[in-house]
Amino acid sequence: MVRSQVPVPIAPNAGLGLWFAGGNHAVMTSIPQLAELDLQLIRHPAPAIGMVAFVENSGSPGLGWTWTTYLGELIAAAEAAYGPRDRSWTILGVEFGGDIPMIWYPGNRGHVAVRLTTAAATCPRVAFSELAHEAIHLLAPTGGSTAPNFEEGLATLFAESQSAVRGVTPGRHPAYDRPRNEVAAMLMAFPDFVRDIRAVEPSFPLWTPELLDRHAPGTSDEVLAYLCRPFDRGS
């Protein structure tokens, strides 16, 4: 989504994680269905830093699924599908605030943070879908430039696929429809072309129509040019 270098004030009780713990010792649980997350959130509705949501009859919180550990799983899945991320950037974690999910760059010192919407703080289904979308932007952070249509289309598709595994259908702003559909058509014809291009040029904003054409021949010049233009979400 749109990248910002200016922090937006957020409430001090914004949730930064969602813990699950069970039994008498810390375990890394299997990834729960998001319906379970909703139930846990309803039982413990007050978000706080490191927000803890316990399963029934649990002891102290231990290693479990938080938004931070979900992000790790999503980044791993994105790298497996589309090539390694740029490790010159340090990913700080997840926060909530505002109306548009994004990644941003605190301090302009090689750090990148994920900001999900305020609404996502109390709706795990929304939070997961937004987090999956932003995971694609973490493959090649830019320090603030606008993502091209291709990157936003790929992020939208990735969020759909990862959410579907967990029984969630993410909402989508209409501005994402064409980027998503154009990228889906290219991936159908050339399943590995994203990984292949990123082996040559890992940063999506640096892709050109000529580079795309070499790896996805037969795509119209208009589509190639469109996918390389900066994304415009509009109002």
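The structure under discussion appears in the preceding block.
Here's what I pulled together on the structure shown here.

Cut-off values and rules
Residues numbered from 1 in each chain as written. Predicted model: local features only at pLDDT ≥ 70, side-chain atom pairs only at ≥ 80, totals over all residues. Heavy atoms only, no water. Pairing = 2+ DSSP bridges. Helix = DSSP H or I, 4+ residues; strand = E, 2+ residues; numbered from the N terminus. Axes fitted to C-alpha atoms, helices over the stretch in contact; angles between N-to-C directions. Core = buried A, V, L, I, M, F, W, Y, C linked by side-chain atoms within 4.5 Å. Buried < 20%, exposed > 50% of the residue type's maximum accessible area, 1.4 Å probe, protein only. Contact = heavy atoms within 4.5 Å. Expected span 1.5 Å × (residues − 1).

### Points about the sheet that holds strand S2 (residues 102–104)
- Here three strands make up an open sheet; going across it, the order is S1-S3-S2 and the pairing mixed. One side of each edge strand has no neighbouring strand; the edge strands of this open sheet are strand S1 (90–96) and S2. Put simply, the sheet's adjacent strands are angled 25° from each other on average, direction ignored.
- Two strands pair when backbone bridges link them, and S2 and strand S3 (residues 111–116) are joined in this way by three bridges, in the antiparallel orientation.

### A word on the nonpolar core
- Counting 48 residues, the largest nonpolar core has Leu-131, Ile-136, Phe-150, Leu-154, Phe-193, Val-194 and Leu-212 as the members making the most contacts within it.
- Of all the elements, helix H2 (residues 67–82) adds the most residues to this core, at seven residues.
- With sequence-adjacent residues up to four places away left out, Leu-154 is seen in contact with Tyr-82, Ile-136, Val-183, Leu-187, Val-194 and Phe-204.

### Notes on H2
- Here H2 contains 16 residues, and its C-alpha end-to-end distance of 22 Å stays within 8% of the 22 Å for a straight helix at 1.5 Å per residue.
- Taken together, the buried positions of H2 are Trp-67, Tyr-70, Leu-71, Leu-74, Ile-75, Ala-78, Glu-79 and Tyr-82.
- A positive backbone phi angle near 100° is found at Gly-83, which sits one or two residues after H2.

### Things to note about unusual backbone geometry
- Despite not being glycine, Asn-108 shows a phi value in the positive range, around 50°.
- Summarising the element assignment, Asn-108 is placed in the loop between S2 and S3.
- Residue classification places Asn-108 among the exposed residues on the basis of a relative accessible area of 56%.

### Thoughts on the pairing of S3
- Taken across its six residues, S3 has five buried, putting it largely inside the fold.
- Sheet topology note: the S1/S3 ladder contains five bridges and is parallel. Looking at S3, one finds that Ile-91 is bridged to Val-112.
- The hairpin turn running from S2 into S3, its antiparallel successor, is six residues long, and Gly-107 in that turn takes a positive phi close to 75°.

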